[in-house]
Amino acid sequence: MKIAIPLAEGKLTMHFGHCASFAIVEVDDKSKKILNREDIAAPPHEPGLLPPWLAQRGANMIIAGGMGQRAQELFAREGIQVVVGAPVEAPEKLIADFFTGTLQTGANVCDH
């Protein structure tokens, strides 16, 4: 499985659609161990672009701080699970916490 996380200065950024880059982290489904991490520059912000762009890169899941309802629907159409309300942390910590069931998610900080 591949998990996409929007980044700013190496940690999750709350501004999903306007992030500078994404960590694309490959995780073994069975062992829940990280196999590979690739940080890639995000394309220019354009509504509706990120769901197919991340799907083309193999993402099955996104861990985000906040994301608008329309964006969540577009990701669902691409078969990508969305987790919102995640804290500003390093991708490896977010993923480890997700798989151990200890990822603390709060409110979806996006208001559109």
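Scroll up for the structure.
Quick summary incoming for the structure in this document. Predicted model only: the values in this text are computed from it and were never measured.

### Focus on the packing of aromatic side chains
- Inspection of every chain in the model, using the stated rule, returns four aromatic pairs.
- Measuring from ring centre to ring centre gives 5.9 Å for F22 and W53, while their planes differ by 50°; the resulting arrangement is tilted. You can see F22 sitting in strand β3 (residues 21-27) and its partner W53 sitting in helix α1 (residues 50-56), a full 31 residues away along the chain.
- With a relative accessible area of 12%, W53 lands in the buried category.
- On the numbers, 5.3 Å between centres and 80° between planes, the contact of F98 with F99 is edge-to-face.
- The exposure class assigned to F98 is partly exposed, which follows from its relative accessible area of 25%.
- The class for F99 is partly exposed, based on a relative accessible area of 23%.

### Here's the deal with the environment of G79
- In this structure, G79 sits in the loop between α2 (69-77) and β6 (81-83).
- Sequence separation between G79 and P51 is 28 residues, and the spatial gap between their C-alpha atoms is 9.3 Å.

### Structural notes on the pairing of strand β1 (residues 2-8)
- For β1, the tally of buried residues reaches five of seven residues, placing the bulk of the element in the interior.
- Pairing between β1 and β3: six bridges, direction antiparallel. In the strand pairing of β3, A4 is matched with I24.
- Summarising the sheet, β1 and strand β5 (residues 61-63) pair through two bridges and their orientation is parallel. The residue bridging A4 from the neighbouring strand is I62, located in β5.
- Looking at chain direction, β1 and strand β2 (residues 11-12) are connected through two bridges and run antiparallel. Across the sheet, A8 pairs through a bridge with K11, a residue of β2.
- Remark: two residues form the turn of the hairpin made by β1 and β2, two consecutive strands paired antiparallel; E9 in that turn has positive phi of roughly 55°.

### With respect to the side chain of Q72
- Note on placement: Q72 falls in helix α2.
- For Q72, the residues in contact, after removing those within four places along its chain, are M67, V82, V84 and N108.

### Concerning α2
- What α2 keeps buried is the set Q72, L74 and F75. All buried residues of α2 fall inside an arc of 160° around its axis, so they share one side. Residues of α2 that are exposed and point over 90 degrees away from its buried face: R70, A76 and R77.
- In the stretch just after α2, G79 is the one whose phi turns positive, near 80°.

### Here's the deal with helix α3 (residues 91-100)
- Residues P91, L94, I95 and D97 constitute the buried set of α3. Taken end-on, α3 shows its buried residues confined to a sector of 165°, consistent with a single buried face.
- Against the buried residues of α3 lie β1, β2, β3, β4 (34-41) and β5.
- Of the residues trailing α3, G101 is marked for its positive phi of about 80°.

Calculation notes
- Residues numbered from 1 in each chain as written.
- Predicted model: local features only at pLDDT ≥ 70, side-chain atom pairs only at ≥ 80, totals over all residues.
- Heavy atoms only, no water.
- Phe/Tyr/Trp six-rings, centres within 6.5 Å; stacked < 30°, edge-to-face > 60°.
- Helix = DSSP H or I, 4+ residues; strand = E, 2+ residues; numbered from the N terminus.
- Buried < 20%, exposed > 50% of the residue type's maximum accessible area, 1.4 Å probe, protein only.
- Pairing = 2+ DSSP bridges.
- Contact = heavy atoms within 4.5 Å.
- Arc of directions from axis to C-beta.

In short, the description is geometric, and any link to function would need to be established separately.
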